[in-house]
Structure formats: C-alpha cells, structure tokens
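The residues making up each chain are set out below.
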Amino acid sequence: MWTVVYVAQKPQEIFRIKDILDSNEIISRIREDKDSDEKNGMCFEIMVPSAELSQAQNLILASEI
C-alpha cells in the first residue's frame, strides 16, 4: 500500500525530495493532488510504500528543505 509522505506546491521541491529518496533506494512516486487547480494552486504528493514510510520520513527531515 502506498502512503503520502510529503506534499508541496512547487514541482522543484517535489523533485528534490524524490531525488533524495531515489538516491537512498526508496521507491517513490509523484502524483498531482486531485483537488489541485490553477485557481487554488497546484499541489503535488510523494508517495512511498508503507513499509518504507519511517525511513523516508527520516531522510526528508534530515534533508533540511
């Protein structure tokens, strides 16, 4: 099962986090939030398998975004 680990409005921020996860061999995927629109702003989510959630959170917190 996939779990959202990070949400952001800026695509460059999402891709930076995805690169961190990829370099640490954590499988991840990016999706646009279904409630995003141009009027209210775009929102992107990074999802990881539930089994890797804790490790992914620790990496994101250590990345100093």
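Residues numbered from 1 in each chain as written. Predicted model: local features only at pLDDT ≥ 70, side-chain atom pairs only at ≥ 80, totals over all residues. Heavy atoms only, no water.

Asker: Tell me about the overall build of the protein, and name the residues and values.
Answerer: Within the protein, the secondary structure is distributed over two helices and three strands. Going from N to C terminus, the protein has its helices and strands arranged as β-α-β-β-α. For the protein, the proportion of its 65 residues judged to be buried stands at 35%. The long-range share in the protein, meaning contacts at least 24 apart out of those at least 6 apart in sequence, stands at 65%. For the protein, the accessible area works out to roughly 4,500 Å², and carbon and sulfur atoms hold 49% of it. (Helix = DSSP H or I, 4+ residues; strand = E, 2+ residues; numbered from the N terminus. Buried < 20%, exposed > 50% of the residue type's maximum accessible area, 1.4 Å probe, protein only. Contact = heavy atoms within 4.5 Å. Areas by Shrake-Rupley, 256 points an atom, 1.4 Å probe, with all protein chains shown as cover.)

Asker: Go over the packing of aromatic side chains with me, naming the residues and quoting the values.
Answerer: One pass over the full model with this rule turns up zero aromatic pairs. The ring of Trp 2 carries the charged tip of Arg 29 above its face, separated from the ring centre by 3.9 Å. (Phe/Tyr/Trp six-rings, centres within 6.5 Å; stacked < 30°, edge-to-face > 60°. Lys NZ or Arg CZ within 6 Å of the ring centre and 35° of its normal.)

Asker: Tell me about the side chain of Ser 28, and please be specific about residues and values.
Answerer: Topologically, Ser 28 is positioned in the loop between helix 1 (11–23) and strand 2 (29–32). A polar side-chain atom of Ser 28 sits 3.2 Å from a polar atom in the side chain of Lys 18. Excluding residues that lie within four positions of it along the chain, Ser 28 makes contacts with Trp 2, Lys 18, Leu 21, Asp 22, Ile 46, Met 47 and Val 48. (Polar contact = N/O pair within 3.5 Å; in protein donor to acceptor, adjacent residues only side chain to side chain.)

Asker: Provide a residue-level description of the pattern of salt bridges, including the pertinent values.
Answerer: On inspection of all chains with the given rule, the structure shows two salt bridges. A salt bridge links Lys 18 to Asp 22; the shortest N-O distance between them is 3.2 Å. Note that Lys 18 and Asp 22 are positioned in helix 1 at a spacing of four residues, about one turn of the helix. One salt bridge connects Arg 31 with Glu 45, and the closest N-O pair in it is separated by 2.6 Å. Of this pair, Arg 31 sits in strand 2 while Glu 45 sits in strand 3 (residues 44–49), and the two are 14 residues apart along the sequence. Taking the relative accessible area as the measure of exposure, Glu 45 reaches 10% and is therefore buried. (Salt bridge = Lys/Arg side-chain N within 4 Å of Asp/Glu carboxyl O.)

Asker: Talk me through the sheet that holds strand 3; I want residue IDs and the actual numbers.
Answerer: Across the sheet, which stays open at both edges, the three strands sit in the order 1-3-2 with antiparallel pairing between neighbours. Edge positions in the open sheet fall to strand 1 (2–8) and strand 2, since each of these has one partner strand only. On average, each strand axis in the sheet is tilted by 35° relative to the strand beside it, whichever way the strands run. Pairing of strand 2 with strand 3, which is carried by four bridges, proceeds in the antiparallel orientation. Its bridge partner lying in strand 3, Arg 31 is registered against Glu 45. (Pairing = 2+ DSSP bridges. Axes fitted to C-alpha atoms, helices over the stretch in contact; angles between N-to-C directions.)

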